[in-house]
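Below, each chain spelled out in residue letters.
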Amino acid sequence: METGLYSKFSSSCRKMEQGLNSAVSNTKIGKYFKLEARNTCFTKELRAGTTTFLTMAYVITVNATILADSGGTCTMADCSAPANQTASPDCMLKPNEGYQNCVKKIESDLIVATSLSAMVGSFAMGILANLPVGVAPATGASAFLSYNFVGFHGSGFMSYGTAMAVVLIEGCVFLALSALGLREKLARLIPNPVRLACAAGLGIFIAFIGLLIHQGVGLIGPDPSTLLTLTACSDTNPVTGECIAGKMHSPKFWLGSIGFLITCYGLMWNVSGSMIYGMLFVTLISWIRGTSVTYFPKTPQGEKNYKYFKKVVDFHKIKSTFGAISFTNFNNKNVWIGLATLLYVDVLITSGTLYSIAEIGGFVDPEGNFEGQYLAFMVDSGSTIVGSALGVGLSTTYLESSAGLREGGRTGLTAVIIGLYFFLSIFFTPLLTSVPPWAIGPSLVIVGISLMKVVKNINWGDMKEAAPAFMTMILMPLTYSIPNGIIGGIGLYVALSLFDYIIRLKMWFINRKKSGHEQNQVSV
């Protein structure tokens, strides 16, 4: 009896679904997105959009955390100091209540800005290019801006406002290159081993950040003798971060490790939203007060965070990062070097990812092109310009869109649904700003792992390719600089290619001389 009822209910649901899909396919929306032509339907696109959002929703908190590490628009003036005294110049690099409050507000701005940027980019990709692809700020590029340009808490060579101005100019240049069809040609100028190693080096760099103390799970910290060492300590120096007691005894590290394993198992079993589940588990445990892993300890700052957290729903206005663009430091040559490097990084990240997604979705034709290609390139370039205005940096196509493709997404309706989810997330800022670093750190490590897959395409048996690739990868985390890795890799590749260049030049002279001699004989 129960089996019969379930069968009737299931059959009824299938009929309702078929009716809904048929109705949507015959509407203007269905015809615009070519649902029938691409052998898909509304419910497939809905599942695909939901799946893709779940797999890339981590970007909201991860990207905001990375950019907030730069300090944003916070300055020494935001530091708190005793009465009748001025704050010390290094107050931004030490625990300081006033400065930390400012950074927390910046993080709230960046969470809303990240969601808004992802919403605009995904809407545009779906409506204009009609591709089932999610667009959002690139965490790798954000790390590049935060840790190489602005520096941790403003310790770099340019201000946050100048960094956003660089992103704006880069986005405009990138848009022009896309409009002229020069984008792919520019990417091909970079030596292949360096191009492949750049993604892997960026992955190692991001994973390194996810393992650091104060920024991730805290497995790695400073050491006066060896520079870096294992920490995960139960007690650390609040200023230097050095271990005081209880190495590998930190409950927050072990909780983060469980979250990491949950994510890994989910990815192993192809569970949609695995990146979120591990982070969600750690976050929910960390919200329990009175524990050794709580994000809301009985301190003034913890009480303040908990008070905001209890709002749950809140529309946070972007106050500091919106329009924080400054051209005042463009007389510094390092700014222009940074602009060129950022353009190169953008070419690698966005072009490579978009082609990868098109290949996975089966959109690429024998000539290597795909429908909507031109507009897709224009969209992610334009999204970068929007991102610079909001203060979140470069935007890119997300490789996590492949999860939606596996669910049957084939049209831009998938991207529009992704954009709607990002719009809804804007209203849950109190919850999103309460995700602890030891929940985000494992996600950064997973992002790093996902970028390592390109190393299989490097010819490690050829030293001319292996050495530049390795130099590119190793310099990024060890020098805490992505440009250093790129420059080092290209420089070594050119040095190892000098012999080939000399031989080619010699052969050119010989052939030219031989050709001139033959012409003289003919004339005689």
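Residues numbered from 1 in each chain as written. Predicted model: local features only at pLDDT ≥ 70, side-chain atom pairs only at ≥ 80, totals over all residues. Heavy atoms only, no water.

Sorry if this is basic, but what is going on with the overall build of the protein here?
When you go through the protein residue by residue, the secondary structure sums to 20 helices and 6 strands. In the protein, which comprises 524 residues, the share counted as buried stands at 50%. Considering only residue pairs separated by 6 or more positions, the protein has 74% of its internal contacts joining residues 24 or more positions apart. Entry remark: accessible area of the protein is about 24,700 Å², with carbon and sulfur atoms responsible for 65%. (Helix = DSSP H or I, 4+ residues; strand = E, 2+ residues; numbered from the N terminus. Buried < 20%, exposed > 50% of the residue type's maximum accessible area, 1.4 Å probe, protein only. Contact = heavy atoms within 4.5 Å. Areas by Shrake-Rupley, 256 points an atom, 1.4 Å probe, with all protein chains shown as cover.)

Which parts of the structure should I look at to understand the state of the cysteines?
Joining two cysteines, a disulfide is a covalent bond between their sulfur atoms. Scanning all chains against the criterion turns up 2 disulfides. Each sulfur in the disulfide pair C74 and C102 lies 2.0 Å from the other. Of note, the bridge from C74 to C102 carries an S-S torsion of about -100° and is left-handed in sense. Linking C74 in the loop between α4 (58-68) and α5 (97-129) with C102 in helix α5, this pair joins segments that are 28 residues apart in sequence. When sorted by exposure, C74 lands in the same class as C102, which is buried. (Disulfide = S-S within 2.5 Å.)

Which parts of the structure should I look at to understand unusual backbone geometry?
Working note: non-glycine residues mostly have negative phi, and peptide bonds are mostly trans. A positive phi angle is found at L227, which is not glycine, with a value near 70°. You can call L227 exposed: its relative accessible area is 68%. Look at V312: it is not a glycine, yet its phi comes out positive at around 65°. Relative to the elements of secondary structure, V312 occurs in the loop between α12 (300-309) and α13 (333-361).

Mind showing me how you'd approach the pairing of strand β3 (residues 227-230) here?
A regular strand carries its side chains on alternate faces of the sheet. The pairing of strand β2 (residues 220-223) with β3 spans 4 bridges and is classified as antiparallel. Along β3, the bridge assignment pairs G221 with T229. (Pairing = 2+ DSSP bridges.)

How do you make sense of the nonpolar core when you look at a structure like this?
Soluble globular proteins tend to bury their nonpolar side chains together. Formed by 80 residues in total, the largest nonpolar core has its most connected members in Y58, L110, V166 and F422. Not counting residues up to four positions away in its chain, the partners in contact with V166 are F149, M158, F330, V335, L339 and L342. Counting residues in hydrophobic clusters, the runner-up holds 14 residues, among them L131, V133, F377 and V379. (Core = buried A, V, L, I, M, F, W, Y, C linked by side-chain atoms within 4.5 Å.)

Please explain the environment of D346 as it appears in this structure.
Position of D346 relative to the elements: it lies in helix α13. D346 sits in the buried class, given a relative accessible area of 1%. C-alpha of D346 to C-alpha of L394: the two residues are 48 residues apart in sequence and 7.6 Å apart in space.

Can you walk me through the pattern of salt bridges in this structure?
Between side chains of opposite charge, a pair can form when the charged atoms approach closely. Under the defined criterion, the tally for this structure stands at 4 salt bridges. Close ionic contact of E371 with K34 constitutes a salt bridge, the shortest N to O distance being 2.8 Å. You can see E371 sitting in the loop between α13 and α14 (373-390) and its partner K34 sitting in the loop between α2 (28-32) and α3 (42-56), a full 337 residues away along the chain. Under the relative-accessibility criterion, E371 is labelled partly exposed at 46%. Across the pair E107 and K104 runs a salt bridge, and its minimum N-O distance is 3.9 Å. Taken together, the residues span about one helical turn, with E107 and K104 both in helix α5 at a distance of 3 residues. (Salt bridge = Lys/Arg side-chain N within 4 Å of Asp/Glu carboxyl O.)

When you look at a positive patch on the surface in this model, what are you seeing that I'm missing?
Judged by side-chain charge, K105, K304, K317 and K319 come together as a positively charged surface patch. In this fold, K105 is placed in helix α5. According to the relative accessible area criterion, K105 is exposed, its value standing at 56%. (Patch = residues over 30% accessible without salt bridge, like charges linked within 9 Å, V, L, I, M, F, W, Y side chains within 5 Å. Lys, Arg positive; Asp, Glu negative; His and termini not counted. Charge placed at Lys NZ, Arg CZ, Asp CG, Glu CD.)

Explanation requested: the packing of aromatic side chains in the structure shown.
Counted according to the given criterion, the structure contains 17 aromatic pairs. Between F53 and F422, the aromatic rings sit 5.0 Å apart at their centres with planes inclined by 80°, giving edge-to-face as the arrangement. Here the residue F53 occupies a position in helix α3, and F422 occupies one in helix α16 (residues 412-425), the gap between them amounting to 369 residues. Given a relative accessible area of 13%, F53 falls into the buried group. By relative accessible area, F422 is classed as buried at 0%. Ring centres of Y295 and W438 lie 6.2 Å apart, and the angle between their planes is 65°; on these two criteria the pair is classed as edge-to-face. (Phe/Tyr/Trp six-rings, centres within 6.5 Å; stacked < 30°, edge-to-face > 60°.)

How should the packing of helix α9 (residues 192-211) against helix α18 (residues 437-450) be read in this particular structure?
The description of two helices packed together rests on the angle between their axes and the distance between the axes. Orientation of α9 relative to α18, taken along the N-to-C sense of each, is 165°, at an axis distance of 7 Å. As the angle between them shows, α9 and α18 are arranged roughly antiparallel. Judged by the sense of rotation from one axis to the other, the crossing of α9 with α18 is left-handed. Residues G203, I206, A207, I209, G210 and L211 of α9 touch α18, and the partners they reach there are G441, L444, V445, V447 and G448. Across the contact of α9 with α18, the residue classes break down as 7 nonpolar, 4 polar and no charged. (Axes fitted to C-alpha atoms, helices over the stretch in contact; angles between N-to-C directions. Parallel < 35°, antiparallel > 145°, perpendicular 65-115°, else oblique. Left-handed = near helix turned anticlockwise from the far one by under 90°. Nonpolar A, V, L, I, M, F, W, Y, C, P; charged D, E, K, R; others polar.)

It is not clear to me how a nonpolar patch on the surface should be interpreted in this structure. Could you clarify?
A surface patch of nonpolar side chains, amounting to about 870 Å² of accessible area, comprises I258, L261, I262, Y265, M268, W269, V271, Y277 and F281. A total of 5 residues in the nonpolar patch trace back to one element, the largest contributor, which is helix α10 (residues 251-268). Position of Y277 among the secondary structure elements: in helix α11 (residues 274-286). The exposure class of Y277 is partly exposed, given its relative accessible area of 38%.

When you look at the environment of V347 in this model, what are you seeing that I'm missing?
Of note, V347 is situated in helix α13. Through-space distance from the C-alpha of V347 to that of F174 is 8.2 Å; in sequence the pair is 173 residues apart.

Please clarify how helix α7 (residues 160-180) should be interpreted in this entry.
Every α-helical turn comprises 3.6 residues, leaving residues that sit three or four positions apart pointing alike. Its 21 residues give α7 an end-to-end C-alpha distance of 30 Å, which sits within 8% of 30 Å, the value for a rise of 1.5 Å per residue. Positive backbone phi, approximately 75°, marks G181, located one or two places after α7. (Expected span 1.5 Å × (residues − 1).)

How should the side chain of S326 be read in this particular structure?
With respect to the element layout, S326 can be found in the loop between α12 and α13. A polar atom in the side chain of S326 sits 2.9 Å from the side chain of T328. Other than its neighbours up to four places away in sequence, S326 contacts G161, T162 and A165. (Polar contact = N/O pair within 3.5 Å; in protein donor to acceptor, adjacent residues only side chain to side chain.)

Just checking my understanding: could you explain the packing of helix α6 (residues 139-150) against α7 for this structure?
In contact at an axis separation of 10 Å, α6 and α7 are set at 130° when each is read in the N-to-C sense. Between α6 and α7, the crossing angle belongs to the class labelled oblique. Seen along the crossing, α6 lies across α7 with a hand that is right-handed. Residue-level inspection shows L145, F149 and V150 of α6 in contact with α7, the latter providing Y160, A163, M164, V166 and V167. Considering only residue class, the contact of α6 with α7 consists of 8 nonpolar, no polar and no charged.

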